[in-house]
Amino acid sequence: MALGLRCFRMVYPAFCNSLAALTRPVSAVMLKTVSGRQNDHGQSIAYSAVPTRHFATKKAKAKAKGQSQTRVNLNTALVEDIISLEEVEEEMKSVMEALKDNFNKTVNIRTSPGSLDHITVVTADGKLALNQIGQISMKSPQLILVNMASFPECTAAAIKAIRESGMNLNPEVEGTLIRVPIPKVTREHREMLVKLAKQNTNKAKESLRKVRTSAMTKLKKSKDKASEDTIRLIEKQISQMADDTVAELDRHLAVKTKELLG
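Student: Give a description of the nonpolar core that names residues and reports values.
Tutor: In terms of nonpolar packing, the biggest core is built from 49 residues, with Leu-116, Leu-130, Val-146 and Ile-238 touching the most fellow members. Put simply, the parts of the chain that give this core at least two residues each are helix H3 (85–106), helix H5 (130–133), strand E6 (143–147), helix H6 (155–163), strand E8 (177–181), helix H7 (187–220) and helix H8 (228–261). In terms of residue count, H7 provides more of this core than any other element does, 10 residues in total. Those residues in contact with Val-146, other than ones at most four positions away along the chain, are Leu-116, Leu-130, Gly-134, Gln-135, Ile-136, Ile-162, Thr-176, Leu-177, Ile-178 and Val-180.

Laid out in structure tokens, this is it:
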């Protein structure tokens with residue numbers, strides 16, 4: 001009886017291992033049998049390995065994402081009869097350059113006469129730049145003058161345009177002479193300029209979306225000139241160009257924000 005019990009103890013672990021291997025799914029970790037000595041009696045003791053699950057790291061996910069988003073680099077000459085990608089690129093660049101120009105002229109800590117040049121004034125003859133109807137000069141570091149003697153009838157409209165320019169200006173009028181005190185550089189003024197820079201950047205992005213939409217519309221009208229695969233590649237190229245420009249707009253906004261806040 002003792003001999004039979006001892007044999008059963010020796011065989012049972014091996015039987016359990018075999019049964020587990022048959023019943024567990026392929027992805028599970030197989031049981032490992034480890035032979036050991038316990039209490040000076042030769043016994044085979046079975047230990048089951050703990051099942052483990054391997055998760056993808058953030059670095060691996062980022063790498064996989066980068067691989068899935070392969071960049072397109074079409075030869076513009078080969079698709080010129082379908083759409084001019086060079087023209088699309090130039091239109092997107094013009095949006096970028098317009099924002100840079102806007103930042104340089106209107107979003108500055110120190111207001112200068114040039115900052116008022118392109119303020120749009122609504123007149124009876126349409127929309128005109130302030131420097132087209134008024135003579136702008138700097139009287140002192142704290143005061144800009146706008147002489148409206150040539151177009152006195154536009155004085156009220158010019159004042160309204162200056163006040164609503166988003167530059168935190170509060171003009172005063174003396175006949176046809178508009179006095180524009182330059183605000184002190186306070187923390188509040190800096191934050192206001194940052195807000196203005198963000199608004200101008202959003203307007204630039206809206207202009208960029210219009211360029212992209214226009215290009216996609218032109219492309220759809222030319223579907224009979226190329227295969228579906230070629231059209232899809234061109235669409236991806238246009239979207240890629242737009243995304244690159246958006247990234248550039250955001251980069252300039254970040255630089256400007258840092259400059260304004262100091």
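Student: Report on the environment of Ser-207, specifying residues and quantitative values.
Tutor: Along the chain, Ser-207 turns up in helix H7. Residues Ser-207 and Glu-91, 116 residues apart in the sequence, show an inter-C-alpha distance of 9.6 Å.

Student: With reference to specific residues and values, describe the sheet that holds E6.
Tutor: Across the sheet, four strands lie side by side as E5-E6-E8-E7; this open sheet has antiparallel pairing. Among the strands making up the open sheet, the edge pair consists of strand E5 (135–140) and strand E7 (172–174). Adjacent strand axes in the sheet meet at a mean angle of 25° when their direction is disregarded. Inspection of the sheet shows E6 paired to E8 by five bridges, in the antiparallel sense. Bridged to Leu-143 within E8 is Pro-181. Of the strands in this sheet, E6, E7 and E8 are in contact with H6, which crosses E8 at around 10°.

Student: Could you give an account of the confidence of the model for the protein chain, naming the residues involved and the relevant values?
Tutor: When pLDDT is averaged along the protein chain, the result is 79; 73% of the residues meet or exceed 70. Ignoring residues within four places in sequence, the model shows residues 25–56, a span with pLDDT below 50, making 26 contacts including any to other chains.

Student: Give a description of the environment of Asp-250 that names residues and reports values.
Tutor: Mapping Asp-250 onto the fold places it in helix H8. Along the sequence, Asp-250 and Asn-202 sit 48 residues apart, while their C-alpha atoms lie 9.6 Å from each other. Within the structure, the side chain of Asp-250 is placed 2.7 Å from the side chain of Lys-205, a separation counted as a polar contact.

Student: Tell me what's going on with the side chain of Thr-155, and back it up with residues and numbers.
Tutor: With respect to the helices, strands and loops of the structure, Thr-155 is situated in helix H6. For Thr-155, a relative accessible area of 8% puts it in the buried group. Ignoring any residue separated from it by four or fewer positions in sequence, one finds Thr-155 in contact with Met-148, Val-173, Gly-175, Thr-176 and Ile-178.

Student: Which residues make up the pattern of salt bridges, and what values do they have?
Tutor: Evaluation of the coordinates by the stated rule reveals 12 salt bridges. The shortest N-O distance in the salt bridge between Glu-97 and Lys-100 comes to 3.5 Å. Remark: Lys-100 and Glu-97 occur in helix H3; sequence separation between them is three residues, near one turn of the helix. Residue class for Glu-97 comes out partly exposed when judged on its relative accessible area of 45%. On the accessibility criterion, Lys-100 (28% relative accessible area) is partly exposed. Put simply, Arg-187 and Glu-191 hold a salt bridge, and the shortest N to O gap is 3.5 Å. On the criterion of helical spacing, the pair formed by Arg-187 and Glu-191 is a turn pair, its members being four residues apart in helix H7. Accessibility expressed as a relative area gives 43% for Glu-191, which makes it partly exposed. What emerges from the salt-bridge pattern is a single network uniting Glu-228, Asp-229 and Arg-232.

Student: Describe the packing of H3 against H7, with residues and values.
Tutor: Packed helix pairs are specified by the crossing angle of their axes together with the interaxial distance, meaning the distance between the axes. One can describe the packing of H3 onto H7 by two numbers: an axis separation of 10 Å at closest approach and a directional angle of 165°. Here H7 runs roughly antiparallel to H3, going by the angle between their axes. Between H3 and H7 the crossing geometry is right-handed. Residues Val-88, Glu-91, Met-92, Val-95, Leu-99, Asn-102, Phe-103 and Thr-106 of H3 form the contact with H7, whose participating residues are Leu-196, Ala-197, Asn-200, Thr-201, Ala-204, Ser-207, Leu-208, Val-211, Arg-212 and Ala-215. Here the contact of H3 with H7 is built from residues that sort into 11 nonpolar, five polar and two charged.

Reading the values: rules and limits
- Per-chain numbering applies: the sequence of each chain, read as written, is numbered from 1 onward.
- At least 70 in pLDDT is required for a residue's local features to be given in this predicted model, at least 80 for side-chain atom pairs to be given and counted, and no such filter applies to totals for whole chains, interfaces and linings, which use all residues.
- Just so you know, side-chain values use all the structure's heavy atoms and leave hydrogens and water out.
- Among buried residues, those of type Ala, Val, Leu, Ile, Met, Phe, Trp, Tyr and Cys that are joined through side-chain atoms within 4.5 Å constitute a nonpolar core.
- Working definition: with a 1.4 Å probe on protein chains only, accessible area under 20% of the residue-type maximum means buried, over 50% means exposed, and in between means partly exposed.
- Runs of E in the DSSP output that reach at least two residues are strands. Runs of H or I that reach at least four are helices, and both are numbered from the N terminus.
- Residues count as neighbours in contact if any of their non-hydrogen atoms are within 4.5 Å of one another.
- Strand pairing follows a simple DSSP-based rule, namely that at least 2 bridges must link the two strands.
- Note on geometry: axes are C-alpha line fits, over the in-contact stretch for helices, and angles between N-to-C directions span 0 to 180 degrees.
- pLDDT expresses how confident the predictor is about each individual residue, on a scale running from 0 to 100.
- Whenever two N or O atoms come within 3.5 Å, that pair is a polar contact, provided that in protein one can donate a hydrogen and the other can accept it, and provided that, for residues adjacent in sequence, both atoms are side-chain atoms.
- Salt bridges, as used here, are contacts in which a Lys or Arg side-chain nitrogen is within 4 Å of a carboxyl oxygen on Asp or Glu.
- Angle categories are assigned with fixed cut-offs, so that under 35 degrees is roughly parallel, over 145 is roughly antiparallel, 65 to 115 is roughly perpendicular, and the rest are oblique.
- A crossing counts as left-handed when the near helix is turned anticlockwise from the far one by less than a right angle, and as right-handed when that turn is clockwise.
- Each residue gets one of three labels, nonpolar for Ala, Val, Leu, Ile, Met, Phe, Trp, Tyr, Cys and Pro, charged for Asp, Glu, Lys and Arg, and polar for the others, Gly among them.

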